[in-house]
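Here are the chains, one letter per residue:
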Amino acid sequence: MHLHFWGHTMRISRQQKEIAIHGSFFAIASTSILVLTLIMVFLIVEGLPIFNQVSFPDFVFGQYWYPTDDPADFGILPMISGSLAVTAVSSCIAIPLGLMTAIYLAEIASPRMRSFVKPLVEMLQALPSVVIGFFGMVVVAPLLQDWFGIATGLNLFNASVMLAFMAVPTITSIAEDAIFSVPEELRAASLALGATKWQTIANVVIPASLPGISTAVILGMARSIGETMVVLMVAGGAAMAPGSLFDPVRPMPASIAAEMAEAPYQSDHYYALFATGMVLFLFTLMFNVLAAYIAEKKKQTGTASL
Amino acid sequence: MRPWSYILSALLVVSLAAPAMAANSVTVKGSTTVLPIMQRAVEAFIAETGTTVSVSGGGSSNGIKALLDKSTDVAMASRTMKGKEIKLAESKSIKPVEYIIALDAVIPIVNPANKITNLTSDQLKAIYEGKVTNWKEVGGDDGKIIVISRDTSSGTYETWHKIIMKKARVFPGALLQASSGAVLQAVAKNKNAIAYDGIGYINNTVKPLSVDGVTGSATTAKDKTYPVARTLQIYTTASPSPAAKQLVDFILSPKGQDIVEQAGFIRR
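Residues numbered from 1 in each chain as written. Chains lettered and ligands numbered in written order. Predicted model: local features only at pLDDT ≥ 70, side-chain atom pairs only at ≥ 80, totals over all residues. Heavy atoms only, no water.

Caption draft 1: Examining the overall build of chain A more closely. Summing up its helical and strand segments, chain A has 12 helices and two strands in all. If you list the helices and strands of chain A from N to C, you get α-α-β-β-α-α-α-α-α-α-α-α-α-α. Over its C-alpha atoms chain A spans a radius of gyration of 25 Å, topping by over 25% the 19 Å that the globule rule assigns to 306 residues. Here the C-alpha coordinates of chain A stretch approximately 70 × 70 × 35 Å along the principal axes. In chain A, buried positions account for 45% of the 306 residues. Of the contacts made within chain A by residues no fewer than 6 positions apart, 72% connect residues no fewer than 24 positions apart. Here chain A displays about 16000 Å² of accessible surface, and carbon together with sulfur accounts for 70% of that area. Computing the positive centroid from 13 side-chain charges and the negative centroid from 19, chain A places the two 22 Å apart. (Helix = DSSP H or I, 4+ residues; strand = E, 2+ residues; numbered from the N terminus. Rg over C-alpha atoms; globule rule 2.2 N^0.38 Å. Buried < 20%, exposed > 50% of the residue type's maximum accessible area, 1.4 Å probe, protein only. Contact = heavy atoms within 4.5 Å. Areas by Shrake-Rupley, 256 points an atom, 1.4 Å probe, with all protein chains shown as cover. Lys, Arg positive; Asp, Glu negative; His and termini not counted. Charge placed at Lys NZ, Arg CZ, Asp CG, Glu CD.)

Caption draft 2: Local environment of the packing of aromatic side chains. Residues and elements named next belong to chain B. Applying the stated rule across the entire model yields 13 aromatic pairs over all chains. Here Y128 and W160 contribute two aromatic rings whose centre-to-centre distance is 5.3 Å and whose plane-to-plane angle is 65 degrees, an arrangement assigned as edge-to-face. Residue Y128 is located in helix 5 (residues 121-128), and its partner W160 is located in helix 6 (residues 155-163); the two are separated by 32 residues in the primary sequence. By the burial criterion, Y128 is buried, and W160 matches it. (Phe/Tyr/Trp six-rings, centres within 6.5 Å; stacked < 30°, edge-to-face > 60°.)

Caption draft 3: Local environment of the domain arrangement of chain B. Residue and element names in this part refer to chain B. Splitting chain B by domain gives domain 1 (3-103 + 232-267) and domain 2 (106-222). Inter-centroid distance (C-alpha atoms) of domain 1 to domain 2 is 31 Å. Listed as interface residues are nine residues of domain 1 and, on the opposing side, 11 residues of domain 2. Buried surface at the junction of domain 1 and domain 2, both sides included, amounts to about 740 Å², of which 56% is carbon and sulfur. Seen at the junction of domain 1 and domain 2, the total is zero salt bridges. Seen at the junction of domain 1 and domain 2, the total is two residue pairs in polar contact (both at pLDDT 80 or more). Within the side of domain 1 that touches domain 2, the residues separate by chemical class into three nonpolar, four polar and two charged. (Domains from an automatic or database assignment. Buried area = accessible area lost by both parts, 1.4 Å probe. Salt bridge = Lys/Arg side-chain N within 4 Å of Asp/Glu carboxyl O. Polar contact = N/O pair within 3.5 Å; in protein donor to acceptor, adjacent residues only side chain to side chain. Nonpolar A, V, L, I, M, F, W, Y, C, P; charged D, E, K, R; others polar.)

In structure tokens:
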């Protein structure tokens, strides 16, 4: 290879240039995949040793989490139920809000309104989670205590509302894209047949964009289950399965974040936190695979998909 | 090109991941309670002397064990050496030298609106075990007690767990806050809350309680009348390396003791 100055010699053919570009992009892509794989291997290597101490069912279905006691208890069921509870409650809030906002933006709002509101909703997505967590802790928690007369405002409900704040932009933005990309002929045909605007939205536009909407919902939920800072600050952190909407909970990410910094390196506690991370990873992986599956299986192919 | 890019990217990752090898350094190991002091002190020490120091946790027992195995130069401990450990040291003909570097006092705190000013150790234990659940059971106004605890790996939790709980378990319904600052915030915002925090962190947004009638302060911690207090110490062998000796002297110096205070503890 003669790598003289650019254009000085014509030894580098267009084909060689192609290959070089191809190769460098491949290298960059494989580096990031390699790093991700290494992180996963690391997670598993650091998590598995705990199962020499407790069996997998005892770990996942254990009621008590006392990692530093002697003898220690490593049961993460309270954390799993905490994670599922905040995800379920926040979805109940975020899905209707997110979808209705998306339908409004794509179908009802005037173009001017849309160009104003959509960036605003997407800006919400840029709010750092620590800011939302701080807001929940300092503003919302005392309000909840005053309004409902509950014992503590740091609870399942508060955390779910804060998580919903974060999931709504994700859901709105992806669902709006899906609804907006429904071909205009469909709407025109429906209206020409005498359907009202609402009938068109409910019976034509939404069914046509259902795969996109499902993806939006699942990614929104995945965001809630993996979110750390907000639940660490606002969920209260009691390692107990919640009995009511206003009970404090400790989702898995909060447990890991709170304890990892000071867990002795390669102690049972350390391994147990990594194993918690593995369980959390399985949950988020499930959500993402589901989203990919729906998006792939029911790919929106223009008018043909109806 | 393809196989090359594989190898190159693999090499890149490996070279990034390989731990830096340090020669001629001081190693420090032990109590996670002492760790925050040590980390701050070591940062300043490195800036001043350029000596490489590696600090790790693992708990007091592991630190002392490592000192006796000669796998660490300095051991950190939140308790003094046990008889068994002293015997083990004698059998290895090692003479550990103890330096008290700081005092740690943990103070129970409540919301300023709470009229309680004192609780006994037994009452505190019962509250944290979930046996006493209403403030009126300990002489306060009617209201469910919101128990706030620290994450189990923190040194503050360890002190509380050992002295107040006598190693009994904090009940699972206790709220968890992951830092001293978050504990203060949570107590300041909830009139029914109780928590505990290191003496250096307490400010006027919360109300400190006396324990068994004794107010926690630097003085009562030093004369041992305040029950929830203990000394923090480091150990070296009788003939430490010059660099290790230098580090110990640094922590005992006025500059080192300022760092002790910044980390939320009491000067020795």
